[in-house]
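Okay, here's what each chain looks like letter by letter:
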Amino acid sequence: MRNPDRDRCRSAVAALGIAFFLIAVPALALTAEYRIAPNGTVYQGAVQVENADRFEFTETGLLGERIPIKVTGVSLSGDCAPCTFSWSDRSVITFPKGNYTVRYNGPIVQNHMVVSFSEPYRVVVNVPPGLDVRNRFIGAISPPDATVSEQKDGSLLVTWNATRSAELRFYPPERENWLAWFGQFWIIVAIVLILPFLLSRRKGS
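Everything quoted here is computed from the prediction, not taken from an experiment.

What counts, and at which threshold
Residues numbered from 1 in each chain as written. Predicted model: local features only at pLDDT ≥ 70, side-chain atom pairs only at ≥ 80, totals over all residues. Heavy atoms only, no water. Helix = DSSP H or I, 4+ residues; strand = E, 2+ residues; numbered from the N terminus. Buried < 20%, exposed > 50% of the residue type's maximum accessible area, 1.4 Å probe, protein only. Contact = heavy atoms within 4.5 Å. Disulfide = S-S within 2.5 Å. Salt bridge = Lys/Arg side-chain N within 4 Å of Asp/Glu carboxyl O. Phe/Tyr/Trp six-rings, centres within 6.5 Å; stacked < 30°, edge-to-face > 60°. Core = buried A, V, L, I, M, F, W, Y, C linked by side-chain atoms within 4.5 Å. Polar contact = N/O pair within 3.5 Å; in protein donor to acceptor, adjacent residues only side chain to side chain.

> Help me out: how do you make sense of the overall build of the protein chain in this one?
In terms of helices and strands, the protein chain carries two helices and eleven strands. Reading the protein chain from its N terminus to its C terminus gives the helix and strand order α-β-β-β-β-β-β-β-β-β-β-β-α. Across the 205 residues in the protein chain, those meeting the buried criterion constitute 32%. Considering only intrachain contacts with a sequence separation of at least 6, the fraction spanning at least 24 residues in the protein chain is 68%.

Right, dumping it as structure tokens:
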């Protein structure tokens, strides 16, 4: 004979699992894609929004504050033709409530790119050939759990599955060469300084 209490417990667990799945999937479905320009001074962004009536162009400051950024080439696409919006502030656009993709061009200062979101997003950044992020001494990826994959054309895809912010610091190949040269230079300096000491100890013994 089946235990009614056990059946109710299993049903409750199953219902809880389904509810969690339904809550988690929409959040993970939102995607923000960015493509860094070859000169590394600007990026093209495409950010999905759902059930939204506004979008803010901001980045995260050192203290976690949201800092407005100056953008260009703003456009809105979705189930509308055309999709219209209006500026309510120099960094905020508003539009009829719905699901859209916001496209725009954002600035990059000193090879440093920062984006932030009000909820977890799947974030993908395309780093063009000639720029790199994989050397953590001169580059940066935050949060560090991102995956980096190299494409056939030499570009890199940096992907976060669910994050409220993403930060990249990239560099040109010559920066890595400078780092290697700098390391070799200090190795030579160390040898020059230590060798006389070792020779003097050998003579003394």
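Having seen the structure, we can now continue with the description.
> Help me understand the state of the cysteines in this model?
Here, disulfide denotes a covalent bond that connects the sulfur atoms of two cysteines. By the definition in use, this model includes one disulfide. Between the sulfur atoms of Cys80 and its disulfide partner Cys83 the distance amounts to 1.7 Å. Across the disulfide from Cys80 to Cys83, rotation about the S-S bond amounts to roughly 100 degrees, and the bridge is consequently right-handed. On the basis of relative accessible area, Cys83 is assigned to the buried category, the value being 12%.

> Explanation requested: the pattern of salt bridges in the structure shown.
As a working rule, side chains carrying opposite charge can pair if their charged atoms are close by. Counting across every chain of the model gives three salt bridges. Between Arg54 and Glu56 there is a salt bridge; the shortest N-O distance is 3.0 Å. With its nearest N and O atoms 3.3 Å apart, the salt bridge here joins Arg134 to Glu150. Here the residue Arg134 occupies a position in the loop between strand S8 (112-127) and strand S9 (140-142), and Glu150 occupies one in strand S10 (residues 147-150), the gap between them amounting to 16 residues. When salt bridges with common partners are traced through the structure, they connect Asp132, Arg134 and Glu150 into a single cluster.

> Could you clarify how one ought to interpret the environment of Ser165 in this entry?
Positionally, Ser165 belongs in strand S11 (residues 156-169). Residue Ser165 is classed as partly exposed on the basis of its relative accessible area, which comes to 30%. A C-alpha to C-alpha distance of 8.3 Å links Ser165 and Tyr121, two positions 44 residues apart in sequence. Every residue in contact with Ser165, bar those within four places of it in the chain, is listed here: Val115, Ser116, Phe117, Ser142 and Pro143.

> Would you mind showing me how to read the packing of aromatic side chains here?
Given two aromatic rings, one states the distance between the centres and the angle between the planes to describe the pair. Applying the stated criterion across every chain yields a total of nine aromatic pairs. With 6.3 Å between their ring centres and 50 degrees between their planes, Phe55 and Tyr104 make a pair best called tilted. One end of the pair, Phe55, is in strand S2 (residues 42-56); the other, Tyr104, is in strand S7 (residues 92-107), with 49 residues separating them in the sequence. For the residue pair Phe55 and Tyr104, the accessibility class agrees, reading buried in each case. Put simply, the rings of Tyr34, Tyr43, Phe55, Phe57, Phe85, Trp87 and Tyr104 pair up and form one aromatic cluster.

> What is the right way to look at the nonpolar core in this model?
As a rule of thumb, nonpolar side chains are buried together in soluble globular proteins. Tyr34, Ile36, Tyr104 and Val125 are the most contacted members of the largest nonpolar core, which totals 38 residues. Elements with a contribution of two residues or more to this core: strand S1 (31-36), S2, strand S5 (72-78), S7, S8 and S11. Sort the elements by how many residues they give to this core and S8 lands first, with seven residues. Those residues in contact with Ile36 that sit more than four places away from it in its chain are Val42, Tyr43, Ile108, Met113, Val125, Asn126, Val127, Pro128, Leu131, Leu168 and Phe170.

> Quick question: what am I supposed to make of the side chain of Asp132 here?
By secondary structure assignment, the location of Asp132 is in the loop between S8 and S9. Within polar-contact distance, the side chain of Asp132 engages the side chain of Arg134 at 3.0 Å. In this structure, Asp132 is in contact with Val127, Leu156, Arg169, Phe170 and Tyr171, ignoring residues within four places of it in sequence.

> How do you make sense of the environment of Ile138 when you look at a structure like this?
Structurally, Ile138 can be placed in the loop between S8 and S9. In this structure Ile138 comes out as buried when scored by relative accessible area, which is 17%. Put simply, Ile138 and Tyr171 are 33 residues apart on the chain and 7.2 Å apart in space, counted from C-alpha to C-alpha.

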